[in-house]
Amino acid sequence: MPVIKKTALNPNIKLYTLTVIALLASSGCSNQQEVTADPADQMSELNQVNTAPPNVLIIIADDLGVEQLESFGIGSEPAVTPNLNQLASAGMSFLNVWSQPTCSPTRATLLTGRYGFQTGVGRPPTGVNGDYPRLERSNGTLTLSEFEDLNFSQKPVEVYENLTPVIENFSRLYISEGDDTNLLSKGLSSSELTLPEIFRRSGNAYTTGVIGKWHLGDTENGWLQHPANAGFDYYSVNMMNQPESYFAWYENLNGVLEQRTGYTPEEKINTAVDWIGQQSDSPWFLWLALNLPHYPHHVPDVEGLETSAIQADDPRAALDIMTARMDQEIGRLLAGIGEDELDETIIVFIGDNGTTGEANDPPFHPDRGKFTLYEGGLRVPLIISGPGVPEGEMSDALVNSTDLFATITELAGIEVTGQLDLNSVSLVPYFSNPTSGSIRNFIFSDAFYSSRGVEEGAFAIRNDTHKLIRWHDHQELYNLVDDAYENNNLLLDGFSEVESAMIEELESLVDTLRNQDKN
């Protein structure tokens, strides 16, 4: 059994030794151990071995593709995000990061370090939800007069976009023609070992909290108690895909629903600052899942920006302003934490999937955003900052969202040994050598409904040069070196020997990956 030894990044962090069995040894892309069903069994040995454990703050943006941030240099018209630009300058950015094409599956990969086919989360939960009251609506949204009855300062009319074209595009690619029945997806099983469980059980007894969007629970895994089942001490979350309104919603506060009003992102930041301030000298782990810039599109106030001419039914313009407001709230969060606490805090910022298609910027195509397995649906920004992370560096190495599991535990100085089944590769080696080649030989993403099974779903896989998208007998192959934004499907004119060999190579990697749990 090979042993991967980690070296200290600075005098305050002593990193761990993780004992693993290498999966796909020839490809060097993943770590595996035998899996067990009970998280308590999986935690057969877990020790915190550093002397000054850092705090860990994970910030998740909802529906933010890599093209939206100026510091990544990809989008034609990025949003105004000075605070995230500063975070990138103070840390390290990763250019080639794949998420899942929708939110809940990505969040499951972040929590567990495991792919969707392992956790069973291939689409957002569509099963039976518990008793969850809904705000009274008029024609599907709160009206302006209803807004006036609520106690908050900003009252823009929210616009719920027509999602039919997006849903039809997803169905065309990933659902059998003429068969849209029994499309159910499960939430994250409580048997999964998660990051907050690891932090709670570490020798330094981290306090764990989650604030913001959850969308991983259903009645089969605890529903309103699901965040607690996943390992969080404190939770103040929206259970559904989005708040009922950005200005009035139901909050699940430690298992009890409370009706709230205000501006959701602002209230979430207030809650986060308050919670962090209550942690005294204890190290903390906070999962902050912002709702911005997810639907419904609206035009919030942003300090320093004139927004009066922008209409909510202009999706690109509205999304830019929502992203700018998200950046403003992140700046307020960091100021509220304070410099001394930030000096001891690892900050991770990531998007949960690509931008909603009609709102994304070139070079991504509007038909190839969120919900799809094209680059516009999968490529998300990732910034890591804090103790042990170099400043102002950027890497183009291949990264999966699963990789944050191994990265964060290593940065926190936690030793994890036992029976694990991970597909998580630590990014820490890039901190000492930002320009080094990829540790991974491939990255992977999939989309499927639990009720239909993994084999009935779709997947995408890429190596350092080529990308394969596969759904049943439909497949597309792209050379991402020459065609980074997938304008030329190499299979439109048939298969050459070289292309056939590349497809066989990529499919073989997927077969090995999916069969790992069966061996």
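Residues numbered from 1 in each chain as written. Predicted model: local features only at pLDDT ≥ 70, side-chain atom pairs only at ≥ 80, totals over all residues. Heavy atoms only, no water.

Here we take up helix α2 (residues 82-90). All of the buried residues along α2 are Leu-84, Asn-85, Leu-87 and Ala-88. Along the axis of α2, the buried residues cluster in a sector spanning 160°; they form a single face. On its buried face, α2 is in contact with β7 (91-98), α10 (315-337), β13 (345-351) and β14 (382-385). (Buried < 20%, exposed > 50% of the residue type's maximum accessible area, 1.4 Å probe, protein only. Helix = DSSP H or I, 4+ residues; strand = E, 2+ residues; numbered from the N terminus. Arc of directions from axis to C-beta. Contact = heavy atoms within 4.5 Å.)

Where α2 contacts α10, the two axes come as close as 7 Å, and the packing angle between them is 60°. With respect to α10, the element α2 is oriented oblique. Contacts between α2 and α10 involve Pro-82, Asn-83 and Leu-84 from the former and Met-326, Asp-327, Gln-328, Ile-330 and Gly-331 from the latter. Grouping the amino acids of the contact of α2 with α10 by side-chain chemistry returns four nonpolar, three polar and one charged. (Axes fitted to C-alpha atoms, helices over the stretch in contact; angles between N-to-C directions. Parallel < 35°, antiparallel > 145°, perpendicular 65-115°, else oblique. Nonpolar A, V, L, I, M, F, W, Y, C, P; charged D, E, K, R; others polar.)

A sheet is described by the order of its strands in space; here four strands give the open sequence β17-β18-β19-β20, paired in antiparallel fashion. The open sheet has two edge strands with one neighbour each: β17 (443-447) and β20 (474-479). Taking the axes of each pair of neighbouring strands and ignoring which way they run, one obtains an average angle of 10° across the sheet. Pairing analysis gives five bridges linking strand β18 (residues 458-462) to strand β19 (residues 466-471), with the strands arranged antiparallel. Among the inter-strand pairings, Ala-460 is bridged to a residue of β19, identified as Ile-469. (Pairing = 2+ DSSP bridges.)

Another aspect to go through is the confidence of the model for the chain. Taken residue by residue, the chain gives an average pLDDT of 83. The fraction at 70 or more is 79%. This stretch, residues 1-50, has a pLDDT under 50; its non-local contacts, to residues over four places away or in other chains, come to 153 contacts. Predicted confidence for residues 138-145 stays below pLDDT 50, and this span has 13 contacts to residues more than four positions away or in other chains. (pLDDT = per-residue confidence, 0-100.)

For the rest of this paragraph, the subject is the packing of aromatic side chains. Counted by the stated rule, this structure contains 14 aromatic pairs. With 6.2 Å between their ring centres and 20° between their planes, Phe-232 and Phe-285 make a pair best called stacked. You can see Phe-232 sitting in the loop between α8 (226-229) and β9 (234-238) and its partner Phe-285 sitting in strand β12 (residues 284-289), a full 53 residues away along the chain. Under the relative-accessibility criterion, Phe-232 is labelled buried at 2%. Overall, the relative accessible area of 0% leaves Phe-285 in the buried class. Between Phe-364 and Tyr-485 the ring centres are 5.5 Å apart and the planes differ by 85°, which places this aromatic pair in the edge-to-face class. (Phe/Tyr/Trp six-rings, centres within 6.5 Å; stacked < 30°, edge-to-face > 60°.)

Counting residues in hydrophobic clusters, the biggest one holds 54 residues, and the most contacted among them are Phe-94, Trp-214, Trp-287, Leu-382 and Ile-384. A per-element tally of this core places helix α13 (residues 403-411) first, with four residues. Of all hydrophobic cores here, the second largest spans 36 residues; its members include Ile-59, Ala-61, Leu-64 and Leu-95. (Core = buried A, V, L, I, M, F, W, Y, C linked by side-chain atoms within 4.5 Å.)

Here we take up the pattern of salt bridges. Taken as a whole and judged by the stated rule, the model has 20 salt bridges. Measuring nitrogen to oxygen at the nearest pair gives 3.1 Å for the salt bridge that ties Arg-200 to Asp-233. A residue pair is termed long-range when its members are at least 10 positions apart, and Arg-200 in helix α7 (residues 195-201) and Asp-233 in the loop between α8 and β9 qualify at 33 residues. Relative accessible area serves as the criterion here: at 38%, Arg-200 is assigned to the partly exposed category. The network of salt bridges with shared partners includes Asp-62, Arg-107, Lys-213 and Asp-352. (Salt bridge = Lys/Arg side-chain N within 4 Å of Asp/Glu carboxyl O.)

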